[in-house]
Amino acid sequence: MGLLALGTALDWPDAQKRAQQQLLEIWNKAKRKERDAMLWGDEVEYLVVRYSKDAPSVLLSLRQADILKALAADEELSAKGGGVPDLQDVKTHNSNPLPVFHPEFGRFMLEATPGKPWGIGFKELLEVEADMKTRRKIAKEHMNSDEFPITLTTFPRLGVPGVFTDPYYPPSGPKLRSQFVPDEIANPHIRFPTLAANIRWRRGRKVQVNVPVFHDEKTPNPWKDPSVNYDLHNWPEDDDVRNGAAPDNFIHMDAMAFGMGSCCLQITFQAKNIVEGRKMYDQLSPLGPILLALTAATPIYKGFLADTDVRWNQISRAVDDRTAEELGEKPLKNSRWRIPKSRYASNSTYISTDPRLRPEYFDPNLVIDESIKAQLLEGGMDDLLATHFAHLFIRDPIVIFNEDLEQLDLTKADHFENLQSTNWQHMRFKPPPAGSDIGWRVEFRPMEIQITDFENAAFSVFMVLITRAILSFDLNFYIPIVKVDENMETAHARDAVLDKKFYFRKNPFPNRTPRSAQGSNANSPVTSRPPSPVSPVEDEYALMTVDEVINGSKSEEHDFPGLIPIVESYLDSVNVDVQTRCELSTYLDLIRKRASGELWTAAKWIRHFVAKHPAYKRDSVVDDEITKSLVSAVINIGEREQAGTGWKGLDVPDLANLLGQFRGGCGGNGVKRSSDEMN
Amino acid sequence: MTQIVLSTGNIVTAGPSIIRKPGITRSNLELTNSLRSNFLAAQQDYAGSPVSSNGNGGHVHRHGHPVNGNSRPAIDAWTATEDDGVLYVPRIDWTAAGLQENRAQYEITLKLFFLPSAPATKRTEYINEALRLVMKELRIDHIDLLIVSFPGISFEGNCEWEADKINATMGDDEEEVRTWSALESLYEQGKVSRLGIAEFGTEKLQRFIDKVKVRPAVDQINTKDCCSVPPPLTKLAKSEGIELLTHSDCTDILPSGILRELLGHGPQGAGVLADDENAQNGLKGDLIPEWVVKYTAFVNYRGVIENKGYFAGAELVQA
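Here is what the cut-offs are and how they apply
- Residues numbered from 1 in each chain as written.
- Chains lettered and ligands numbered in written order.
- Predicted model: local features only at pLDDT ≥ 70, side-chain atom pairs only at ≥ 80, totals over all residues.
- UniProt positions renumbered as here; feature names shortened; annotations may be inferred.
- Helix = DSSP H or I, 4+ residues; strand = E, 2+ residues; numbered from the N terminus.
- Rg over C-alpha atoms; globule rule 2.2 N^0.38 Å.
- Buried ≥ 20, exposed ≤ 12 C-beta atoms within 10 Å, placed from the backbone.
- Contact = placed C-beta atoms within 7 Å.
- Axes fitted to C-alpha atoms, helices over the stretch in contact; angles between N-to-C directions.
- Left-handed = near helix turned anticlockwise from the far one by under 90°.
- Nonpolar A, V, L, I, M, F, W, Y, C, P; charged D, E, K, R; others polar.
- Pairing = 2+ DSSP bridges.
- pLDDT = per-residue confidence, 0-100.
- Expected span 1.5 Å × (residues − 1).
- Core = buried A, V, L, I, M, F, W, Y, C linked by C-beta atoms within 7 Å.
- Parallel < 35°, antiparallel > 145°, perpendicular 65-115°, else oblique.

If you look chain B up in an unreviewed UniProt entry, it shows as GCS light chain from Xylaria flabelliformis. Its UniProt record, at the heading Subunit (unreviewed entry), says of chain B: "Heterodimer of a catalytic heavy chain and a regulatory light chain." UniProt lists a comment for chain B under the heading Pathway (unreviewed entry), and it reads "Sulfur metabolism; glutathione biosynthesis; glutathione from L-cysteine and L-glutamate: step 1/2."

Looking at an unreviewed UniProt entry, one finds chain A named Glutamate--cysteine ligase, with Xylaria flabelliformis as its source organism. Its UniProt record, at the heading Sequence similarities (unreviewed entry), says of chain A: "Belongs to the glutamate--cysteine ligase type 3 family."

Structure representation (structure tokens):
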């Protein structure tokens with residue numbers, strides 16, 4: 001998310017209407033936009049930690065603003081096209097610009113993106129990893145010597161009693177009213193505390209982020225979160241825990257920072273036109289939960305081992321602004337409708353004009369704003385797209401600035417963007433920004449950030465290649481959207497990547513189009529042949545493991561070919577040089593092995609790290625000492641990766657289970673040859 | 001003597017034939033499977049009425065194709081002899097041909113396989129015929145990259161070094177250079193922008209470069225593990241500005257036994273060729289596979305494969 005121009009935050013009277021008018025304007029201008037190139041971008045998010053060998057604990061550094069200022073002040077960086085777009089004019093003339101950095105919600109976070117979007121040249125795909133390493137290097141260079149950018153999804157000690165930030169601020173501030181984290185945990189720009197405060201205000205209580213605790217041998221059962229303070233009386237919201245906000249066996253958290261303070265790996269693709277964009281949106285949707293489970297990296301919250309492996313639901317709950325009526329806890333009186341999901345949640349509808357999109361795939365209970373839909377239809381928008389946006393519009397815009405309301409500017413998209421950017425679904429369909437030549441884009445948002453840039457590059461490149469295979473082979477991954485929801489829940493389970501099964505379409509291939517009946521030739525094909533009967537939707541999908549989805553299945557019921565073989569087949573059909581293919585294979589191998597269980601997810605690796613740590617008492621508690629060791633290991637891995645010297649001699653437990661031989665340091669480029677690996 | 005042209009149509013959107021099974025590094029399954037499914041599809045599309053049942057209901061394959069040999073439509077219904085005297089299996093609807101975008105957006109690559117069963121002396125004809133068909137199918141007048149695959153050359157061995165050594169003794173240098181001159185003239189006419197060869201190891205490539213006028217821009221190789229290209233080959237390619245590209249085709253992509261099976265009356269066949277049991281039903285004679293061309297239309301700026309397919313040429317020699 002970016003920074004808005006500084007302003008005075010306000011309530012939202014007719015902002016919906018303005019957003020809807022702007023949306024129609026954008027849509028009308030851009031609906032015929034054609035032939036945009038395949039460009040894409042990745043976003044890597046970092047936690048900034050303060051770590052030194054001698055300090056007893058590792059802390060979150062809250063110096064985001066200073067670090068960004070230092071980055072913006074770096075003349076060499078800006079001369080080469082890098083920098084901080086929110087603080088300066090970043091020159092885009094450079095043909096190979098350096099990366100750019102952005103603030104994030106958490107004041108301990110940093111986001112970095114490439115200096116310009118990536119293209120689809122296969123050699124270009126290999127620059128991603130190097131660019132990610134450069135980003136990390138530049139970020140580190142603008143930090144204090146004891147500060148480090150690390151790519152853990154969450155900080156294990158965020159919200160523990162006592163000191164976990166540097167500098168220290170006491171919790172229970174007026175904005176967040178959290179009993180665990182201080183107001184200063186969030187980016188101080190007015191947008192962020194306002195966002196958090198408005199969510200709380202709208203809900204009528206604090207957000208409730210409860211994660212099931214992992215029960216180890218010595219974890220009490222029932223387990224009561226020992227860090228919850230039931231005797232706090234600073235704010236009315238302090239009553240929440242006395243009213244049952246912190247149930248047994250759940251780690252209880254109460255602020256937006258517990259969710260929005262998570263680091264993700266997001267990929268945005270530009271489509272050639274709106275039709276292709278809508279298709280990509282739909283086809284990538286069912287892949288979301290699979291990639292979430294496969295990138296699982298979040299087993300610890302607030303100093304305790306959780307019984308889930310991923311961040312998703314925690315973010316969802318951390319920004320859940322639904323009222324008690326919308327949640328269905330009270331009969332509808334002031335709210336307009338019951339809303340089954342948070343504004344941060346999996347997608348709720350499909351939008352493609354693909355004829356293969358069957359009515360059965362839609363959620364019959366989708367909540368939409370009928371009046372917005374009617375206005376969009378009246379403005380010429382088609383039903384599917386109008387439905388999609390009318391669903392986004394059931395949410396309030398949450399943050400509106402006084403200055404924005406003075407006049408409606410249809411050449412801008414601020415009102416629409418305001419609403420769109422606070423609807424955090426696992427895919428985002430992004431219209432072209434007003435006044436730019438950027439095309440229709442689709443953002444893939446479910447992946448968790450990985451510890452190394454090698455892994456982050458691998459998942460980014462894999463996603464790029466699978467989109468190319470989807471478009472080339474006209475693949476069809478449709479399943480009912482409610483099954484995608486279910487899969488998203490399934491993906492949370494501990495080791496879901498190996499232990500759980502996901503609904504997935506059995507046959508992803510297009511139906512053959514019969515030869516056309518045109519022409520007067522007596523031998524023209526006839527159309528009298530009845531169309532192949534349409535099978536029930538339930539027959540189209542089956543429960544599959546992540547391994548089956550990724551590597552293919554040989555079950556009796558279906559022979560789903562596997563996403564990796566599909567990508568390999570795409571690569572077989574294009575001209576790619578041996579070196580590039582070799583490097584791309586390394587990425588695909590990582591994903592193949594993560595899916596098969598040959599290698600561990602970061603979540604599993606972290607669990608083992610904690611379990612083996614001498615300070616761990618089998619009671620689910622992840623203390624300062626364990627956290628320090630974990631962060632130290634992650635920093636060491638990062639430094640080895642930066643230096644390109646491989647992992648040999650690195651004293652990190654189970655590293656081979658996380659990374660195998662990848663980037664192990666054999667050979668000049670650090671690429672381990674698979675022939676070596678077999679020995 | 002009858003010329004036969006087999007075709008797959010666009011296989012990119014035609015289902016699983018294009019998916020390579022994991023673990024198989026080189027095969028002709030893509031070609032044979034897509035020919036087979038295109039024959040079946042044409043038989044369905046050109047059948048005058050719903051496929052007649054012969055009483056036993058017919059066995060229906062899992063993808064819905066009837067495979068019962070007795071329920072096929074007449075051969076002339078789904079094949080066609082065009083004015084040029086060539087028999088097209090299946091018949092081709094040329095009106096459906098062409099690319100979706102501007103020609104400039106594409107990289108169009110052809111790989112032409114000269115088959116061991118065909119005489120080297122006729123290769124110029126094969127080249128012209130293959131190019132004619134692809135150009136007609138894609139409605140184009142020039143090719144970006146034309147790779148030729150000569151018979152009897154491969155890159156196989158227990159290790160890459162050994163494979164490179166064995167490779168040096170394979171093929172027929174003189175024939176290859178002679179064939180190349182026909183390709184050079186296409187290059188000089190501007191019909192082909194870049195020429196390439198397949199499976200040339202270090203020594204063979206060096207000898208080839210020394211003899212030809214227009215150097216290959218591409219050498220397509222298949223190694224079991226694409227990360228272990230023999231270093232001398234990498235070095236030579238680099239110094240000569242030749243791109244080493246990957247592929248996963250076998251060199252003898254259409255052996256006559258397989259072609260006969262594809263067109264015969266067996267359970268997997270299209271029922272075009274007569275055999276002892278079906279003496280009155282189909283073409284008689286020896287079938288000689290001559291060449292295969294694979295074409296790929298890749299939309300450069302989007303990384304999308306829009307069209308990929310094969311034509312195969314064969315000659316039916318009456319006994």
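Caption draft 1: Here's a closer look at the overall build of chain B. From N to C terminus, chain B includes 8 helices and 10 strands. Its C-alpha atoms give chain B a radius of gyration of 20 Å, within 12% of the compact-globule value 20 Å for 319 residues. The C-alpha extent of chain B, read off along each of the three principal axes, is 65 × 45 × 40 Å. Counting over 319 residues, chain B shows a buried share of 47%. Summarising the internal contacts of chain B: among those between residues at least 6 apart in sequence, 71% fall at separations of at least 24.

Caption draft 2: Representation of the overall build of chain A in the model. For chain A, the helix and strand inventory stands at 23 helices and 19 strands. At 25 Å, chain A has a C-alpha radius of gyration in line with the 26 Å of a compact globule built from 679 residues. Projected onto its principal axes, the C-alpha positions of chain A cover 90 × 70 × 55 Å. The buried share of chain A, taken over its 679 residues, is 54%. A separation threshold of at least 6 residues defines the contact pool for chain A, and within that pool the share at least 24 residues apart is 73%.

Caption draft 3: The arrangement of helix α15 (residues 481–490) of chain A in detail. For α15(A), the set of buried residues is A:Lys483, A:Val484, A:Asp485, A:Asn487, A:Met488 and A:Thr490. Where the residues of α15(A) are buried, they touch α9 (288–294), α10 (312–318), α16 (496–499), β18 (502–505) and β19 (541–544) of chain A.

Caption draft 4: Focus on the packing of helix α5 (residues 127–141) of chain A against helix α21 (residues 624–643) of chain A. Residue and element names in this part refer to chain A. At a minimum axis distance of 10 Å, the contact between α5 and α21 shows a crossing angle of 120°. Relative to α21, the crossing made by α5 is left-handed. Here Lys133, Arg136 and Lys137 of α5 lie close against α21, whose contacting residues are Gly638, Glu641 and Gln642. Here the residues of the contact of α5 with α21 are counted per class, giving no nonpolar, 2 polar and 4 charged.

Caption draft 5: Spatial organisation of unusual backbone geometry. Residue and element names in this part refer to chain A. The amide bond that connects Asp166 to the next residue, Pro167, takes the cis arrangement and shows omega of 0°. Within the fold, Pro167 resides in the loop between β7 (165–166) and α6 (191–203). Following Asn221, the chain continues into Pro222 via a peptide bond in cis, with omega recorded as 0°. With respect to the element layout, Pro222 can be found in the loop between β8 (209–212) and β9 (250–253). For Asn249, which is not glycine, the phi dihedral falls at a positive 70°. Following the sequence through the fold, Asn249 ends up in the loop between β8 and β9. On the basis of neighbour counts, which here come to 16 C-beta atoms within 10 Å, the residue Asn249 falls in the partly exposed class.

Caption draft 6: Representation of the pairing of strand β5 (residues 109–113) of chain A in the model. All names here are of chain A. For β5, the tally of buried residues reaches 4 of 5 residues, placing the bulk of the element in the interior. Across 4 bridges, the pairing between strand β2 (residues 40–50) and β5 is antiparallel. Within β5, the residue paired with Tyr46 across the bridge is Leu110. Pairing between strand β4 (residues 100–102) and β5: 3 bridges, direction antiparallel. Paired with His102 across the two strands is Glu111, which belongs to β5. The loop that links β4 with its antiparallel partner β5 comprises 6 residues.

Caption draft 7: Local environment of the confidence of the model for chain B. All names here are of chain B. Here chain B averages 88 in pLDDT, and 91% of its residues register 70 or above. Under a pLDDT of 50 for its full length, residues 49–69 has, in the predicted model, 23 contacts with residues more than four places off or in other chains. Confidence metrics for the complex model read pTM 0.93 and ipTM 0.92.

Caption draft 8: Structural context of the sheet that holds strand β10 (residues 304–317) of chain B. Residue and element names in this part refer to chain B. If you trace the 10 strands from one edge of the open sheet to the other, you get β2-β3-β1-β10-β9-β4-β5-β6-β7-β8, paired in mixed fashion. Each edge of the open sheet is held by one strand with a lone partner, namely β2 (80–81) and β8 (243–246). As paired elements, strand β1 (residues 2–7) and β10 share 6 bridges and run antiparallel to each other. The residue bridging Gln3 from the neighbouring strand is Glu315, located in β10.

Caption draft 9: Just α5(A), in detail. With 15 residues, α5(A) extends 21 Å between its outermost C-alpha atoms, agreeing within 8% with the 21 Å of an ideal straight helix rising 1.5 Å per residue. Within α5(A) the residues assigned to the buried category are A:Val128, A:Glu129, A:Asp131, A:Met132, A:Arg135, A:Arg136, A:Ile138 and A:Ala139.

Caption draft 10: Main features of the nonpolar core. Residues and elements named next belong to chain A. Leu47, Phe462 and Val567 are the most contacted members of the largest nonpolar core, which totals 277 residues. No other element matches the 13 residues that helix α14 (residues 453–473) contributes to this core. If near-sequence neighbours (up to four positions away) are discounted, Leu47 is found in contact with Leu60, Phe108, Met109, Ile150, Leu152, Phe155 and Cys263.

Caption draft 11: Representation of the environment of B:Ser228 in the model. Residue and element names in this part refer to chain B. Here Ser228 is to be found in the loop between β7 (218–221) and α7 (231–240). The exposure class assigned to Ser228 is partly exposed, which follows from the 18 C-beta atoms found within 10 Å. Sequence-wise, Ser228 and Glu160 are 68 residues apart; in three dimensions their C-alpha atoms are separated by 6.9 Å.

Caption draft 12: Structural context of the packing of helix α18 (residues 563–572) of chain A against helix α19 (residues 578–596) of chain A. All names here are of chain A. Interhelical geometry of α18 versus α19 gives an angle of 170° and a closest axis separation of 11 Å. Taken together, the axis directions place α18 and α19 in an arrangement best described as roughly antiparallel. Side by side, α18 and α19 meet where Ile564, Val567, Glu568 and Leu571 of the first sit next to Arg581, Leu584, Leu588, Ile591 and Arg592 of the second. A per-class count over the contact of α18 with α19 returns 6 nonpolar, no polar and 3 charged.

Caption draft 13: Quick look at the environment of A:Arg343. All names here are of chain A. Within the element layout of this structure, Arg343 appears in the loop between α10 and β13 (344–345). Under the C-beta neighbour-count criterion, Arg343 is labelled buried, with 21 such atoms within 10 Å. Arg343 sits 28 residues away from Ile315 along the chain, and the two C-alpha atoms are 10.0 Å apart. Excluding its chain neighbours within four sequence positions, the residues that come into contact with Arg343 are Val319, Asp321, Arg395, Thr422, Asn423 and Trp424.

Caption draft 14: Expanded view of the confidence of the model for chain A. Residues and elements named next belong to chain A. With 92% of its residues at a pLDDT of 70 or more, chain A shows a mean pLDDT of 91. Note that residues 526–530 has pLDDT below 50 and, in this model, 7 contacts with residues that lie over four places away or in other chains. Ignoring residues within four places in sequence, the model shows residues 667–679, a span with pLDDT below 50, making 23 contacts including any to other chains.

Caption draft 15: Expanded view of the environment of A:Lys628. Residue and element names in this part refer to chain A. Turning to its location among the elements, Lys628 is positioned in helix α21. On the basis of neighbour count, Lys628 is assigned to the buried category, with 22 C-beta atoms found within 10 Å. Excluding its chain neighbours within four sequence positions, the residues that come into contact with Lys628 are Ser57 and Val58.

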